[in-house]
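For reference, the chains in residue letters:
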Amino acid sequence: IGLGAGSIAVYADSDDTYRFYDINPAVVRVANSWFTYLKDSPGRMIIESLDRIGFPGEIYPVNPKYETLFGRPCYPAIADLPEAVDLLAVCVNHERVLEHMRPAVRRGVRAAIIFDGGFAERGDEGRRRQDELVGICREARIALCGPNCMGVVNPHARSSIYIQTLADPALLAEKMEMPEEKIR
């Protein structure tokens, strides 16, 4: 799936610093209530990188503890977003991924990035969780990146749903032969 202009939702809650993340940005949701305070939280890094690279679509932080984050309205749950989500970046602990993917299906999410580990590589319980996750995504036709991954960067679409902050988009554009005028 190409990461094009759209909207991205980022979901965060109060219990975990790592959540699952979405791919094809049209709505970004980051799950992690700590991301406003912790410089290195996945949700904060994703939103900062999307801003730096000049992502042209909508970014929707989701966190039940805040009304606004990074100058944007913050939604309590994915069901409350003003539009369907193209890419879901949910940063939740592996034990909580499934409880966020089911509402994502109902909301029409088309792609998801799951950063946290703790799935098939962690034994029978993790394998069961991963099998259920894959089943949900297959049935709903959700493109899945992960679990246990770094994310996706697409400089041509000015999209970075990646677990590290994009420091200088101009350097990335140079390596990718992307005209600098496309980067803010």
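Right above here is the structure, for reference.
Our subject in this report is the structure included herewith. Here the structure is a predicted model, which means the values were calculated and not measured.

Turning our eyes to something else, we now look at the environment of V92. Examined against the element boundaries, V92 turns out to sit in the loop between β7 (87-91) and α2 (97-107). Between the C-alpha atoms of V92 and G43, which are 49 residues apart in sequence, the distance is 9.9 Å.

Next up on the list: α2. Looking only at α2, the buried set comprises V97, L98, H100, M101 and A104. Down the axis of α2, the smallest arc covering the buried residues is 155 degrees, so these residues share one side. With its phi angle positive at about 90 degrees, G108 sits one or two positions after the end of α2.

Now for the packing of α2 against helix α3 (residues 124-140). The geometry of α2 relative to α3 is characterised by a closest axis approach of 11 Å and an angle of 5 degrees between their N-to-C directions. One finds that α2 runs roughly parallel with respect to α3. Here V97, L98, M101, R102 and V105 of α2 come into contact with α3, specifically with R128, R129, E132, L133, I136, C137 and A140. Partitioned by chemical class, the residues of the contact of α2 with α3 number eight nonpolar, no polar and four charged.

Before going further, it helps to examine the environment of N63. For N63, the position within the fold is in the loop between β4 (58-62) and β5 (68-69). Taking C-alpha positions, N63 is 6.3 Å from C74, a pair spaced 11 residues apart along the chain.

Bringing the state of the cysteines into the picture now. In a disulfide, the sulfur atoms of two cysteines are covalently bonded to one another. All told, the structure shown has zero disulfides when counted by the stated rule. C145 forms no disulfide, and the closest cysteine sulfur to it belongs to C149, at a distance of 3.7 Å. In this structure C145 comes out as buried when scored by relative accessible area, which is 18%.

With that out of the way, let us pick up the pattern of salt bridges. Throughout the structure, instances matching the rule amount to nine salt bridges. A salt bridge links E48 to R44; the shortest N-O distance between them is 2.9 Å. Taken together, the positions of E48 and R44, both in helix α1 (residues 42-53) and four residues apart, correspond to about one turn of that helix. For R44, a relative accessible area of 19% puts it in the buried group.

Analysis parameters
- Residues numbered from 1 in each chain as written.
- Predicted model: local features only at pLDDT ≥ 70, side-chain atom pairs only at ≥ 80, totals over all residues.
- Heavy atoms only, no water.
- Helix = DSSP H or I, 4+ residues; strand = E, 2+ residues; numbered from the N terminus.
- Buried < 20%, exposed > 50% of the residue type's maximum accessible area, 1.4 Å probe, protein only.
- Arc of directions from axis to C-beta.
- Axes fitted to C-alpha atoms, helices over the stretch in contact; angles between N-to-C directions.
- Parallel < 35°, antiparallel > 145°, perpendicular 65-115°, else oblique.
- Contact = heavy atoms within 4.5 Å.
- Nonpolar A, V, L, I, M, F, W, Y, C, P; charged D, E, K, R; others polar.
- Disulfide = S-S within 2.5 Å.
- Salt bridge = Lys/Arg side-chain N within 4 Å of Asp/Glu carboxyl O.

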